Amino acid sequence: MSCTHPDNSVSLLTSISRWSAELPLSPRECEICRLVASGLTNKEIGAVLEISEWTVATHLRRIFSKLEVHSKVAMVAHVLDLVAAAERQRALSRERRAQLPSLHRLPHADAV
C-alpha cells in the first residue's frame, strides 16, 4: 500500500489530528496512530499518554483489526491514505463550490 501524503512529517502528524473525525478510530486510537507515525515505541507512547505499554499494545491490536492491517507500517500507510483521500475530497468540494454562480451575482426574481 502506498502512502500518497506529502513527505512533510510535521504535515503528516497534523493531518492525522485534523482528520481524525474522518477515520474509523476513536480519538485515543488516532492519538496512538499519530505517536506511532512520529516514530515512538510502545513504551514511549505509554509514557507520553501515561498508560502501560500493554495498554498501548491493546489499542494497536484494535486499530489493526479496524483497519485490517498487520503492522505499524501498514497502519500508518493506511491512515495516511485515508487522510489524503479526505483532503482530496475536500479540495474537490471547494472547487465545485467555487464554480457555482454566486447568489449575489444572480439576477433577483423581482428584476426579471
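Computed from a predicted structure; not experimentally measured.

A. Structural context of the overall build of the chain. The helix and strand inventory of the chain stands at five helices and zero strands. Along its sequence from the N terminus, the chain presents helices and strands in the succession α-α-α-α-α. Taking all 112 residues of the chain together, 32% fall into the buried category. Taking the intrachain contacts of the chain between residues at least 6 apart in sequence as the baseline, contacts between residues at least 24 apart amount to 54%.

B. Focus on the environment of Val48. Tracing the sequence through the fold places Val48 in helix H3 (residues 42-49). Distance from Val48 to Leu35, taken between C-alpha atoms, is 9.0 Å for residues 13 residues apart in sequence. If we skip the residues at most four places from it in the chain, Val48 touches Leu35 and Leu40.

C. Region of interest: helix H5 (residues 72-99). The terminal C-alpha atoms of H5 lie 41 Å apart, and with 28 residues this matches the ideal 40 Å at 1.5 Å per residue to within 8%. Taken together, the buried positions of H5 are Met75, Val76, Ala77, His78, Val79, Leu80, Asp81, Val83, Ala84 and Ala86.

D. Fine view of the nonpolar core. By size, the foremost hydrophobic cluster in this structure holds 20 residues, and its most contacted members are Leu25, Leu60, Ile63 and Met75. Counting residues per element, the ones that place at least two in this core are helix H2 (27-37), H3, helix H4 (53-67) and H5. Every residue in contact with Leu60, bar those within four places of it in the chain, is listed here: Ile32, Val36, Asn42, Lys72 and Met75.

E. Structural view of the packing of H4 against H5. At their nearest, the axes of H4 and H5 sit 10 Å apart, and the two run at 55° to each other. Between H4 and H5, the interaxial angle falls into the category oblique. Crossing hand, H4 versus H5: left-handed. Taken together, the residues of H5 that come into contact with H4 (itself represented by Leu60, Ile63, Phe64 and Leu67) are Lys72, Met75, His78, Val79 and Leu82.

Each value, and the rule that gives it
Residues numbered from 1 in each chain as written. Predicted model: local features only at pLDDT ≥ 70, side-chain atom pairs only at ≥ 80, totals over all residues. Heavy atoms only, no water. Helix = DSSP H or I, 4+ residues; strand = E, 2+ residues; numbered from the N terminus. Buried < 20%, exposed > 50% of the residue type's maximum accessible area, 1.4 Å probe, protein only. Contact = heavy atoms within 4.5 Å. Expected span 1.5 Å × (residues − 1). Core = buried A, V, L, I, M, F, W, Y, C linked by side-chain atoms within 4.5 Å. Axes fitted to C-alpha atoms, helices over the stretch in contact; angles between N-to-C directions. Parallel < 35°, antiparallel > 145°, perpendicular 65-115°, else oblique. Left-handed = near helix turned anticlockwise from the far one by under 90°.

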